[in-house]
Amino acid sequence: MSAVLRPLARSVTYTRWLHLFIGVIYIGMWFFIDEGNLHIPLALLALVGLIPGVRLVEGLQARLLLTGHGFKDPESGIAAAPSVTWGDRWRTALWLEIRLVLGFATSFLTVQLPGLSVNLVVAATGGEPYKDVLWLPGGQWWYALLAPLPIVVLLAVVVGAGALTTAVALRLLGPSAQERLAALEERTEQLLERNRIARELHDSIGHALTVAVVQAGAARTAKSPEFTDRALAAIEETGRAALEDLERVLRVLRESEQPASGRPTLADADRLLESARASGAEIDAEVTGPLALVPGPVSREGYRIVQEALTNVLRHAGPVPTRVRIAVAGERLDLEVSNPLAADAAAARGGGSGLRGMRERAALLGGEAVTGPYEGRWRVRVELPLAGPPPAGRRSRPRAPAGHRLG
């Protein structure tokens, strides 16, 4: 019994009822003009459905009254956008016709069935029934026993017609294949953006914390006021840069319109190298090729890759001699960071989120990242195509030979 009565306790049942009434207003107004030619308003209604904006209006109304999700909830399964294709327009026109028919039938029964209950009671008591309402011939006392039946039927009609109208709306006003594809692409972009933000937070904050820890430890053991001053200055500079990165990421999370050009690129690599040198590492850096011609996305991701590689060196090996190679060679960007392997054995066994993040960054740009021991050193080598990722279906470029070195 509770399953039968549950729909009557839901507010959406009655908003659907209201939605069906609203659909009949048009035909009710036409009755004041001409009661005999109903084919004219039906044809006009179909033409109205071909107007692109009508689909938007109907979708918003259906979201609010049929699903109960609200105007802006995409989970309702009903699109809220103007018609783009002729298929959308014809479905909207068909929806208006079906909504009118269902609304007219429901409105008719909404008036007639309660009137029939009243007539049954009137007839059972010997009164004169209303002649403009559905009626049964004759007048018997037992008609009073049937009086609740039309009300029960009306409630069933309201629930059934509302459910049927909602099902039709989901079918005819639901997202088209083009809209579903666009929504899927938008969702994918959102996930990629979140993944990128997570990687940037890991790289930037992780680098700053690593430099601060290394500098603080070195200053404590050095017991030199001059070295302590340099260490504190390096910690301050690195922390300030990390705060800037954190603030920028927070602005992105707040859906601000921070441009991508505000993020650091390989043109700012000197800041990374100086930060690592300030931590005590001996950096042998070599930069070749026109970095200014590297596309923005590639340059930004390349900066983060070098940053993470240097962070791993400081974290796992400490202030050791480190070689950094950045080269623009033909149609690709080559990045290489290497350091002595002996003190980095823990990193060789690890392979945490930093190394995984570098590989993900390279893969998103159509490139490749290789990490691991090489000739007695721990090496991070990344090759990124300057043209971006290749089209779907094209094979990626073969991995560079193990002995290949940057010139």
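Further up the page is the structure itself.
Residues numbered from 1 in each chain as written. Predicted model: local features only at pLDDT ≥ 70, side-chain atom pairs only at ≥ 80, totals over all residues. Heavy atoms only, no water.

Draft legend 1. Expanded view of helix H2 (residues 11-31). Here H2 is 21 residues long and its end C-alpha atoms lie 31 Å apart, about the 30 Å a rise of 1.5 Å per residue gives. At Ile25, H2 shows its maximal kink, close to 35°. Considered for burial, the residues of H2 that qualify are Val12, Thr13, Arg16, His19, Leu20, Gly23, Val24, Ile27 and Trp30. Each element contacted by the buried residues of H2 is listed here: helix H3 (39-49), helix H4 (52-67), helix H5 (86-124) and helix H7 (148-172). (Helix = DSSP H or I, 4+ residues; strand = E, 2+ residues; numbered from the N terminus. Expected span 1.5 Å × (residues − 1). Bend = angle between axes of the 7 residues up to and from the residue. Buried < 20%, exposed > 50% of the residue type's maximum accessible area, 1.4 Å probe, protein only. Contact = heavy atoms within 4.5 Å.)

Draft legend 2. Focus on the nonpolar core. Ranked by internal contacts, the top residues of the largest apolar core, which has 36 residues, are Leu310, Ile326, Leu333, Leu335, Val382 and Leu384. For this core, the elements supplying multiple residues, two or more each, are helix H8 (177-222), helix H10 (269-278), helix H11 (296-317), strand E2 (322-329), strand E3 (332-340), helix H13 (353-364) and strand E5 (377-385). Ranked by residue count, the leading element in this core is H11, at 9 residues. (Core = buried A, V, L, I, M, F, W, Y, C linked by side-chain atoms within 4.5 Å.)

Draft legend 3. Focus on the environment of Ala281. The residue Ala281 is located in the loop between H10 and strand E1 (283-288) in this model. In this structure Ala281 comes out as buried when scored by relative accessible area, which is 7%. Distance in space between the C-alpha atoms of Ala281 and Thr322 is 7.0 Å, their sequence separation being 41 residues. Those residues in contact with Ala281 that sit more than four places away from it in its chain are Ala276, Leu314, Pro319 and Val320.

Draft legend 4. Local environment of the pattern of salt bridges. Inspection of the entire model under this criterion finds 10 salt bridges. One salt bridge connects Arg379 with Glu336, and the closest N-O pair in it is separated by 4.0 Å. Separated by 43 residues along the polypeptide, Arg379 in strand E5 and Glu336 in strand E3 bring together distant segments of the chain. Each member of the pair Arg379 and Glu336 is classed as buried. The salt bridge involving Glu336 is made with Arg381; its shortest N-O contact spans 3.2 Å. Of this pair, Glu336 sits in strand E3 while Arg381 sits in strand E5, and the two are 45 residues apart along the sequence. Here Glu336 matches Arg381 in class, with each residue buried. One salt-bridge network, held together by shared partners, links Glu336, Arg379, Arg381 and Glu383. (Salt bridge = Lys/Arg side-chain N within 4 Å of Asp/Glu carboxyl O.)

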